[in-house]
Amino acid sequence: MTTTTLAVLVPLLPFLGSAAGLLLGRTAPGFVRPLAVLPTLAAAVLAAVVASRQGGGKAIDASTQLTPTGSVPIDLALHIDGFAALVAVLVGVVATCVQVYSTGYLRHDPRYPSYAALVSLFTAAMLLVVYSGDLMVLLVGWEIMGICSYFLVGHYWETPEARSASLKAFLVTKLGDVPFLIGLFALATDAGTFRITGVLGAVASGGLDHPTLVALLLLAGVAGKSAQFPLHTWLPDAMAGPTPVSALIHAATMVAAGIYFVARLLPVFAASAAALTVLAVMAGVTMVGSGLAALAQDDIKRVLAYSTIGQLGYMAGALAVGDRGAAVFHLMSHGAFKALLFLAAGAVIHAAGTNSLSAMSRMSGLTRRVPDAYWTMTVGLLALAAIPPFAGFFSKEAVLVAAEHTATGERTLAPAGAGWIVLVAGLLTALLTAAYAMRLWLLAFRGRGAEAPDHGRQPIAMTTVLWVLAIPSLGFGLSAAYLDDWFDGHPLTPTLTTAVLGTGLAVVGAVVTYAVRRSLTARLAAPAPLPAAAGAVTATAPHVAHPDAEAGQVEAEALDLPHPAADPADPGRALLGPLHRPAAAGFHLDAVYRAAFVRPVLAAASLVRFLDREVVDTYVRGAGDGAKGLGWLVRRAQTGNVQTYLSALLAGSVVLAIVAVVLANAAAGA
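Time to look at helix 15 (residues 324-352). Taking 1.5 Å as the rise per residue, helix 15 with 29 residues should run 42 Å; its terminal C-alpha atoms sit 40 Å apart, in good agreement. Burial of helix 15 is extensive: 29 of the 29 residues sit out of reach of the surface. The distance from a side-chain oxygen at the start of helix 15 to the backbone nitrogen of glycine 325 is 3.1 Å, and the residue carrying that oxygen is aspartate 323.

The following block contains the structure:
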């Protein structure tokens, strides 16, 4: 088979698996799991074959005209370079792990067939984005991911949290997609084509008339899809969906799509220094703000959600300084350890019966309940904190090195100011990342109090996937020296300056957090009891899900359960001080948006409704009521009595005669 044929099959197989799963979900439920896992696994294998054949060399291009438009044509095109080949492998591997994990996590869920089909469709859409050589075809995959995320985040639609989160994710991303679509049309108008190769050729020849406007419009869509400030607020709330969905969205689809899009079209953004500066500021604010917010969260999945926002900020920062190799390298490294962290968190939530870190901190023995999740999550957190030799260290250092070279003038693709913004924000975020990673580990696995509820052994499908993902989380960074040819040729290996600074700050963050936790714990003679309203961690605690339920059901129940009072030994509260309350609320951005956008729109809608009902409808009702009143008068005159008719006729005649006489006298007198 040719490489082009194999590449076509990569997104096609999950799509066909999705369609077959939906068709056979009710009539032949025994085929649902094979149809969920096997097509996705086959796509991952084929993506690896395509990557090996592409080999980081010349890009593979193939196309056929999809439809004549009369102006700018739309082609069904493939454009597979080193970036596309490796990212497709990441998507295939993570999606396969998620599908396998889900067979255990949601094994008795009545909506599993539709869930599995949507995950396959989600995967196919992302693979279409990765391999597409035409911007309109890429947009199809982009929008399919949006609607899939709406349904998957709302999987537990019985809970108000899931319903509101799915709607919020859809609306916020669509808010960014409107300028994104305008930007695509403006870009195609300037370049005369939707083909990515044609667009890049037009940029190289100076054919873009409005590079800054186009880049800023496109960045709005990227900010929404990749959860960058100020359109990041949907991602933490999206944790109301099943944990495997969170892993898929955060690691290999949806949020990765925006970063990948900018990497694919980086010359378009590099044509405008203003756009790169805006991207750098957006990345810097996102990194630091998300790190502070993560340090204050009580929900274990929300901590990981904010960490994803921060790591995406690193990737956006690498793009802002013009190094897409570092950005995609961190995207792939992050995809491995973030998928591991979310899937391990699912096992922890199942074992603890809660997603609250405050509740977990009052439990003991959680490490014995889920040893696989404990060890693999430790690996994932070390990679997240960028501790050498874990994968996150090498990919984060590649970003910092790129920022350093731009800041010092060694690279001139981006403004030096953008380099300084990314470098300073990246170093500060390294400190915060290690701090909240250590806090999560301490609260989840070093709790004090009653024994964690016994949910039994985790399904082997779940634990096996954790160890599979632990391998790249530990060793993928060692491939940095061999990936240069797959990207732009820039070295991805760390330098001494950034390695010492980044690792030193990470160690400081982790050590300080650990010391604060030990100090606060030592001050407490015994574990602080919970207030009666919040409940105590006992076998009948109201915030612990049913101990005999399966993992998916435990998570669904945990969404509705109240979180306990804050742990007085929580180091995050002590480290943040007065910033803790606003950080826990995401710095009240939702309240700002509600005041600036939601309330004015609702007020305008209320005004329109009032005008429609009380003004427009009044005239309409008045016209109808007038006709009805006239009809009533006429009807009253029609009595059917001949004497009445004759009397009225006589009276009328007399009145007319009197009027005639009066008028005649008046005329004679004049």
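Resuming the write-up.
Relative to the helices and strands, phenylalanine 122 resides in helix 4 (residues 112-131). Owing to a relative accessible area of 0%, phenylalanine 122 belongs among the buried residues under this scheme. C-alpha of phenylalanine 122 to C-alpha of valine 422: the two residues are 300 residues apart in sequence and 32 Å apart in space. Sequence-distant contacts of phenylalanine 122, that is, excluding residues within four places in its chain, are made with Met145, Cys148, Ser149, Leu152, Leu248, Ile249, Thr253 and Met254.

Oppositely charged side chains may form a pair once their charged atoms are brought near each other. Summed over the entire model, instances satisfying the criterion amount to 13 salt bridges. A salt bridge links arginine 195 to aspartate 75; the shortest N-O distance between them is 3.7 Å. Residue arginine 195 is found in the loop between helix 6 (160-191) and helix 7 (196-204), and its partner aspartate 75 is found in strand 2 (residues 74-80); the two are separated by 120 residues along the sequence. Like arginine 195, the residue aspartate 75 is buried in the burial classification. Taking the shortest distance from any N to any O, the salt bridge between arginine 369 and glutamate 451 comes out at 3.8 Å. With arginine 369 in helix 17 (residues 366-369) and glutamate 451 in strand 4 (residues 450-451), this pair connects stretches of sequence that are 82 residues apart. According to the relative accessible area criterion, arginine 369 is partly exposed, its value standing at 24%. A network of salt bridges, in which partner residues are shared, links Lys168, Asp237, Arg302 and Asp590.

There is a patch of nonpolar side chains on the surface, built from Leu607, Phe610, Leu611, Val615, Val616, Tyr619 and Val620 and spanning about 690 Å² of accessible area. For leucine 607, the position within the fold is in helix 26 (residues 589-637).

In this structure the tally under the stated criterion is 15 aromatic pairs. Measuring from ring centre to ring centre gives 4.4 Å for tryptophan 142 and phenylalanine 180, while their planes differ by 5°; the resulting arrangement is stacked. Of the two residues, tryptophan 142 sits in helix 5 (residues 135-153) while phenylalanine 180 sits in helix 6, which places them 38 residues apart along the sequence. By relative accessible area, phenylalanine 180 is classed as buried at 0%. The rings of Tyr374, Trp375, Trp441 and Phe445 are connected pair by pair, giving a single aromatic cluster. In this structure, arginine 33 is placed above the aromatic ring of tyrosine 112, and the distance from its NZ or CZ to the ring centre is 4.5 Å.

As a further point, take the confidence of the model for the chain. Regions with low pLDDT should not have their predicted coordinates read in detail. Summary statistics for the chain give a mean pLDDT of 88 and a share of 93% for residues scoring 70 or more. Contacts from residues 527-542, a stretch scored under 50 in pLDDT, to residues over four places away or in other chains number 26 contacts.

This part takes up the side chain of arginine 195. Exposure remark for arginine 195: the relative accessible area of 16% places this residue in the buried category. Every residue in contact with arginine 195, bar those within four places of it in the chain, is listed here: Ser63, Asp75, Ala77, Gly133 and Asp134.

Tracing the backbone through its elements, the reader meets methionine 126 in helix 4. The sequence separation of methionine 126 and tryptophan 420 amounts to 294 residues, and the corresponding C-alpha distance is 33 Å. With sequence-adjacent residues up to four places away left out, methionine 126 is seen in contact with Val91, Met145, Ala252, Thr253, Met254, Ala256 and Ala257.

One broad trend across soluble globular proteins is that nonpolar side chains are buried collectively. Core analysis: the biggest nonpolar cluster contains 199 residues, and Tyr131, Trp234, Phe261, Phe269 and Met377 have the highest contact counts within it. In terms of residue count, the dominant contributor to this core is helix 15 (19 residues). Setting aside chain neighbours within four positions, we find tyrosine 131 in contact with Ala7, Val10, Pro11, Ala47, Val50, Ala77, Leu78, His79, Ile80, Ala84 and Ala88.

Our next topic: the side chain of aspartate 75. Exposure remark for aspartate 75: the relative accessible area of 12% places this residue in the buried category. Ignoring any residue separated from it by four or fewer positions in sequence, one finds aspartate 75 in contact with Ser63, Thr64, Gln65, Leu66, Asp134, Val137 and Arg195.

Residue phenylalanine 229 is joined to proline 230 through a cis peptide bond whose omega torsion reads 10°. Tracing the chain through its elements places proline 230 in the loop between helix 8 (211-225) and helix 9 (234-237). At the junction of proline 388 and proline 389, the peptide bond is cis and its omega measures out at 5° in the coordinates. With respect to the secondary-structure elements, proline 389 resides in the loop between helix 18 (371-384) and helix 19 (391-407). Look at alanine 227: it is not a glycine, yet its phi comes out positive at around 55°. Mapped onto the secondary structure, alanine 227 falls in the loop between helix 8 and helix 9. With a phi angle near 55°, phenylalanine 587 is a residue other than glycine that sits in the positive phi range. Mapping phenylalanine 587 onto the fold places it in the loop between helix 25 (580-584) and helix 26.

Each value, and the rule that gives it
- Residues numbered from 1 in each chain as written.
- Predicted model: local features only at pLDDT ≥ 70, side-chain atom pairs only at ≥ 80, totals over all residues.
- Heavy atoms only, no water.
- Helix = DSSP H or I, 4+ residues; strand = E, 2+ residues; numbered from the N terminus.
- Expected span 1.5 Å × (residues − 1).
- Buried < 20%, exposed > 50% of the residue type's maximum accessible area, 1.4 Å probe, protein only.
- Polar contact = N/O pair within 3.5 Å; in protein donor to acceptor, adjacent residues only side chain to side chain.
- Contact = heavy atoms within 4.5 Å.
- Salt bridge = Lys/Arg side-chain N within 4 Å of Asp/Glu carboxyl O.
- Patch = residues over 30% accessible without salt bridge, like charges linked within 9 Å, V, L, I, M, F, W, Y side chains within 5 Å.
- Areas by Shrake-Rupley, 256 points an atom, 1.4 Å probe, with all protein chains shown as cover.
- Phe/Tyr/Trp six-rings, centres within 6.5 Å; stacked < 30°, edge-to-face > 60°.
- Lys NZ or Arg CZ within 6 Å of the ring centre and 35° of its normal.
- pLDDT = per-residue confidence, 0-100.
- Core = buried A, V, L, I, M, F, W, Y, C linked by side-chain atoms within 4.5 Å.

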